[in-house]
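Spelled out from the first residue to the last, the chains are:
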Amino acid sequence: MHRRSFVRLLAATPFLQVPSGLPPLRVVSKYAAAATPGMPGPYPGRVVAVTSDKSVDPSTGKADDETVREMMARGMRTLTGAATTRDAWRRFFDATDVVGIKVNCGGYPHCISAYEIVAETVRQLTGLGIPVSQIYVYERFQDQMTECNYAAHLPEGVQSVAAERANRNVDNSGYDPATYLEADLFGEEDTRSNMMKLVSQRLTKIVNIPNMKDHGATGVTGCLKNVAYGSFSNVARTHQNGKSHTYSVVGTLAAMEPLRSRTVLQIMDGLRGVWHGGPFARTTRYVFYPRQIMFGTDPVAIDRLLLDIIEKERRAHGAISIWDRSPASLKVNNTRARDADPNVNIIIREPGHVEFASTLGLGVYDKKKITVENVTV
Amino acid sequence: MIPLLLLAALPCIEVMQGAEGRAALAAAGITRICAESDLAGREAAATPGITARAGVASPTRSPWVDANGWRFTRRPDARFVYDVPRGKAALAAAEAFAYGADAVLKIDPADARDVAAMLTFLEGLPAADLPAIADLAVVDDGSAMTGEVMNLLARRNLLFQVVRSPTPQFAINIAIGSAAYPRQEAADPSAFAQNIRRQLTDERRALRIYGSEVVIGRLTGDATRTRLHLLNYGGREIEGLRIRVRGAYRPGQAQVAGAGRITLEDQVVAEGATEFSLPRLTTYAVIDLEAAR
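1. Some points on the overall build of chain A
Then, number 1: Tallying secondary structure elements over chain A gives 11 helices and 18 strands in all.
Then, number 2: Taken over the C-alpha trace, chain A has a radius of gyration of 20 Å; the compact-globule value for 377 residues is 21 Å, and the two agree within 12%.
Then, number 3: Considered along the principal axes of its C-alpha atoms, chain A spans approximately 55 × 55 × 40 Å.
Then, number 4: By residue count, 54% of the 377 residues in chain A fall in the buried class.
Then, number 5: Intrachain contacts of chain A at a sequence separation of at least 6 include 73% that bridge at least 24 residues.

Rendered as structure tokens:
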């Protein structure tokens, strides 16, 4: 292609109209939404929660592979109503798809997207005839992927991909320069967050596998945060010095095309969880074991349930609420105090980001309108 | 010390550690040494790079960039001297060149090869004696406060021209101590620069840089062509830097120190500006752009 053909006009995109007090956000994307976007997908407001006491041994933290497989099978069949597990997966994928599996490595070593769940996902995808070369396990940072080493648990040929070598803001080549969110949040010079090229240019479908984790800036990090902040550059800029703009940015990123249309399946890994200090889990001090996996296509509905799960666990430990906005709890930038004391926030959290995402059409927030089907294995 | 004399447009090099330093220069192929007269009466330039500044509040997570472009812009006829520690000499040479500064570099002998490579690169660049492009003017009262405002404007790539009195050429003329720009506002130069940015608006800026907060650009040009100098103060190579330059330009190439000619990628012209990606930025790059007809 001649270089001149690259010179083309970008569509002018106005800044989004946002409620008073929220920062103006400008979405730039040439991608159109699918007829039925992956989020909220075919099952808005519907969540299948599969629990098994056998799934993880809390004394060792080790998961039982066979039990996890059974949980996955039951969850997918219940969600779709399909007679077989294969048919359940076939509702979302076919052999022509190029599938991204968005894992979460931020909680290494104690709470990352479970190898057993990721491996079973790959097994089901290859069972549909999708070549391993068309399956990408992805995160933003290669050093995190290297630590987690999913490749050791997956068939040879499955791609492990990251956009940047590490979180050093020097490596933008993995991001799409034409697909971004523009916002000036704190006076930063770099006002863009670009979507990963993998997402915009290669993948046709995405399976999102977040963990059940607390998060110091968003309250919880679930489906929305994992797929949004894990698919765009320069997102740490949204929360600093005690203030978080995640309230509107998380949902806005998740709603950007083509990410929204291509993220067709949510598998919330609650085998292990983190009730404080998230998204990190460098020690087991704040790790707990819900021993649950949730399935759905509606990220808002699952995250709405996650808010209660993390809140309940924090209460059980006498910790302040994720909704706490008290200045008395706030020790700005003092991560040491936060790590030592679950009654310390370093940023005023924005768990309301889940409800905000519902206003963008990403799913159902009202619990009365969310149907949860519980399955025990 | 061994003063070295290079081409007039390039910084002059002096190396510490006597005979050992001289040998290092010789081994690096640097043969033209400054005269003693070049060393007298020079102002100190800061060591360029990024530093952690404990106790200095920053409204963003941006690293603190130490750069001299604002000094060179403020006093284009002044003579400067860098006294730089190991690892900083090539950046200092590029910085002085980018601003056309008259500068001597006192370098660690260990940097001789890096500096020689940088000087060779700079010598190989096509000449481009173009006027600086600016978005606003700063009326220089000679004060330290105004200097710090210039420093913070430069760090944010808010391109300014130094003037003696307000000029109708620019919609924004910053005169510290005036009714529009009182001293108490300028006492926090970072916040002040941010306010200027809001006043100017990002859309109207001649230069935007995305993908890094440690790259400072200098833009020169006329109606037919523009030269963009990019200085990377971060010490790490940057990939995929995105640049937005006001105006419409034809597809171009970058000349990147240590990497040679690199084609700009993903170029688009829209909304009165040209955007492109620079695949690699080492310490320094020059991008020459021809105006689209």
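2. Concerning the overall build of chain B
Then, number 1: The number of helices and strands found in chain B is 7 helices and 19 strands.
Then, number 2: Overall size of chain B, expressed as C-alpha extent along the three principal axes, is 55 × 45 × 35 Å.
Then, number 3: Looking at chain B as a whole, 47% of its 293 residues are labelled buried.
Then, number 4: At a minimum sequence separation of 6, the contacts of chain B that also span at least 24 residues come to 69%.

3. Observations regarding the interface of chain B and chain A
Then, number 1: Each partner contributes to the interface: chain B provides 30 residues, whereas chain A provides 26 residues.
Then, number 2: Contributing elements (two or more residues each) for the side of chain B that touches chain A: strand 11 (207-210), strand 14 (238-246), strand 17 (265-270) and strand 18 (273-281) of chain B.
Then, number 3: Split into classes, the residues belonging to the side of chain B that touches chain A amount to 10 nonpolar, 10 polar and 10 charged.

4. Focus: helix 1 (residues 18-28) of chain B
Residue and element names in this part refer to chain B.
Then, number 1: All of the buried residues in helix 1 are Gly 21, Ala 24, Leu 25 and Ala 28. Viewed end-on, helix 1 has its buried residues packed into an arc of 100 degrees, placing them on one side of the element. Away from its buried face, by an angle of more than 90 degrees, helix 1 presents the exposed residues Ala 19, Ala 26 and Ala 27.
Then, number 2: Gly 29 occupies a position one or two residues after helix 1 and carries a positive phi of about 90 degrees.

5. Some remarks on the domain arrangement of chain B
All names here are of chain B.
Then, number 1: Domain annotation of chain B identifies domain 1 (2-124), domain 2 (136-203) and domain 3 (207-290).
Then, number 2: Relative to domain 3, the C-alpha centre of domain 2 lies at a distance of 25 Å.
Then, number 3: With 5 residues of domain 2 at the contact, the number on the domain 3 side is 6 residues.
Then, number 4: In terms of residue class, the side of domain 2 that touches domain 3 is made up of 2 nonpolar, 1 polar and 2 charged.

6. Let's talk about helix 3 (residues 115-127) of chain A
Because each turn of an α-helix spans 3.6 residues, side chains separated by three or four positions in sequence point in the same direction.
Residues and elements named next belong to chain A.
Then, number 1: The end-to-end C-alpha separation of helix 3 is 18 Å, in line with the 18 Å expected for 13 residues at 1.5 Å each.
Then, number 2: Within helix 3, burial applies to Glu 116, Ile 117, Val 118, Glu 120, Thr 121, Val 122, Gln 124 and Leu 125.
Then, number 3: Downstream of helix 3 by one or two residues, Gly 129 has phi in the positive range, about 95 degrees.

7. Describing the environment of Met71(A)
Then, number 1: Mapped onto the fold, Met71(A) is located in helix 1 (residues 65-80).
Then, number 2: Setting aside its immediate chain neighbours within four residues, Met71(A) contacts Val50(A), Ser52(A), Ser55(A), Ile293(A) and Val377(A).

8. Things to note about the nonpolar core
Then, number 1: Among the nonpolar cores identified, the biggest contains 97 residues, and Ile101(A), Val118(A), Leu253(A), Ala254(A), Ile293(A), Met294(A) and Leu306(A) are the most heavily contacted of them.
Then, number 2: When residues of this core are assigned to their parent elements, the largest contribution, 8 residues, is made by helix 9 (residues 299-316) of chain A.
Then, number 3: In this structure, Tyr82(B), Phe97(B), Ala101(B) and Val256(B) belong to the second largest nonpolar core, which totals 90 residues.

9. Quick word on the sheet that holds strand 10 (residues 173-174) of chain B
Then, number 1: Taken in spatial order, the 3 strands line up as 9-8-10 (chain B) in an open sheet, and their pairing is parallel. The open sheet has two edge strands with one neighbour each: strand 9 (160-163) and strand 10 of chain B.

10. Considerations on the packing of helix 5 (residues 144-155) of chain B against helix 7 (residues 189-200) of chain B
Residues and elements named next belong to chain B.
Then, number 1: Contact pair helix 5 / helix 7: the axes reach a minimum separation of 9 Å and the direction vectors enclose 60 degrees. As the angle between them shows, helix 5 and helix 7 are arranged oblique. Considering the relative orientation of helix 5 and helix 7, their crossing is right-handed. On helix 7, the residues that touch Glu 148, Val 149, Asn 151, Leu 152 and Leu 153 of helix 5 are Pro 189, Ser 190, Phe 192, Ala 193 and Ile 196.
Then, number 2: Here the residues of the contact of helix 5 with helix 7 are counted per class, giving 7 nonpolar, 2 polar and 1 charged.

11. Thoughts on the pairing of strand 7 (residues 159-164) of chain A
Residues and elements named next belong to chain A.
Then, number 1: With 5 bridges connecting them, strand 6 (residues 135-141) and strand 7 associate as parallel partners. Note that in strand 7 the partner of Phe 141 across the bridge is Glu 164.
Then, number 2: Assessed by its sense of winding, the connection that carries the chain from strand 6 through helix 4 (residues 142-148) to strand 7 is right-handed.

12. Observations concerning the packing of helix 3 (residues 89-98) of chain B against helix 4 (residues 112-124) of chain B
All names here are of chain B.
Then, number 1: Orientation of helix 3 relative to helix 4, taken along the N-to-C sense of each, is 25 degrees, at an axis distance of 8 Å. By the angle class used here, helix 3 and helix 4 are roughly parallel. The interaxial crossing formed by helix 3 with helix 4 has right-handed handedness. Contacts between helix 3 and helix 4 involve Ala 89, Ala 90, Ala 93, Ala 94 and Phe 97 on the former and, on the latter, Asp 114, Val 115, Met 118, Leu 119 and Leu 122.

13. Here's the deal with the sheet that holds strand 18 of chain B
Across a sheet, paired strands are connected by hydrogen bonds in the backbone, their directions being either parallel or antiparallel.
Residues and elements named next belong to chain B.
Then, number 1: Read from one edge of the open sheet, 4 strands run 11-14-18-17, paired in antiparallel fashion. With one partner strand each, in any of the chains shown, strand 11 and strand 17 form the two edges of the open sheet. Taking each pair of neighbouring strands and ignoring which way they run, the sheet shows an average axis angle of 20 degrees.
Then, number 2: Pairing of strand 11 with strand 14, which is carried by 4 bridges, proceeds in the antiparallel orientation. Bridge pairing in strand 14 links Arg 208 to Arg 244.

14. What about the confidence of the model for chain A?
Then, number 1: In the predicted model, chain A carries a mean pLDDT of 94, and 95% of its residues have values of at least 70.
Then, number 2: Residue range residues 1-12 of chain A is modelled with pLDDT below 50. Its contacts to residues more than four positions away, or to other chains, number 16 contacts.

15. Some thoughts on the environment of Glu257(A)
Then, number 1: You can see Glu257(A) is positioned in the loop between helix 7 (246-254) and helix 8 (259-262).
Then, number 2: Dropping the residues within four chain positions of it, Glu257(A) is found in contact with Ser29(A), Tyr31(A), Ala32(A) and Ala33(A).

16. Overview of the confidence of the model for chain B
Residue and element names in this part refer to chain B.
Then, number 1: Across chain B, the average pLDDT comes to 91, with 91% of residues at 70 or higher.
Then, number 2: A low-confidence stretch, residues 55-59 stays under pLDDT 50, and its non-local contacts, those more than four residues away or across chains, total 4 contacts.
Then, number 3: Here the predicted complex scores 0.93 on pTM and 0.91 on ipTM.

17. Structural notes on unusual backbone geometry
Residue and element names in this part refer to chain A.
Then, number 1: Across the junction of Tyr 108 and Pro 109, the peptide omega takes the value 10 degrees, indicating a cis bond.
Then, number 2: For Pro 109, the location among the structural elements is in the loop between strand 5 (99-102) and helix 3.
Then, number 3: Each neighbour pair has its own omega, and for Glu 257 with Pro 258 the value is 10 degrees, a cis peptide bond.
Then, number 4: Residue position: Pro 258 is located in the loop between helix 7 and helix 8.
Then, number 5: At Asn 169, a position not held by glycine, the phi torsion is positive, near 55 degrees.
Then, number 6: Position of Asn 169 relative to the elements: it lies in the loop between strand 7 and strand 8 (175-182).
Then, number 7: Of note in the backbone geometry, Asn 241 takes a positive phi value of approximately 50 degrees without being a glycine.
Then, number 8: The topology assignment puts Asn 241 in the loop between strand 13 (239-240) and strand 14 (243-244).

What counts, and where the lines are drawn
Residues numbered from 1 in each chain as written. Chains lettered and ligands numbered in written order. Predicted model: local features only at pLDDT ≥ 70, side-chain atom pairs only at ≥ 80, totals over all residues. Helix = DSSP H or I, 4+ residues; strand = E, 2+ residues; numbered from the N terminus. Rg over C-alpha atoms; globule rule 2.2 N^0.38 Å. Buried ≥ 20, exposed ≤ 12 C-beta atoms within 10 Å, placed from the backbone. Contact = placed C-beta atoms within 7 Å. Nonpolar A, V, L, I, M, F, W, Y, C, P; charged D, E, K, R; others polar. Arc of directions from axis to C-beta. Domains from an automatic or database assignment. Expected span 1.5 Å × (residues − 1). Core = buried A, V, L, I, M, F, W, Y, C linked by C-beta atoms within 7 Å. Pairing = 2+ DSSP bridges. Axes fitted to C-alpha atoms, helices over the stretch in contact; angles between N-to-C directions. Parallel < 35°, antiparallel > 145°, perpendicular 65-115°, else oblique. Left-handed = near helix turned anticlockwise from the far one by under 90°. Right-handed = clockwise from strand over helix to strand, strands pointing away. pLDDT = per-residue confidence, 0-100.

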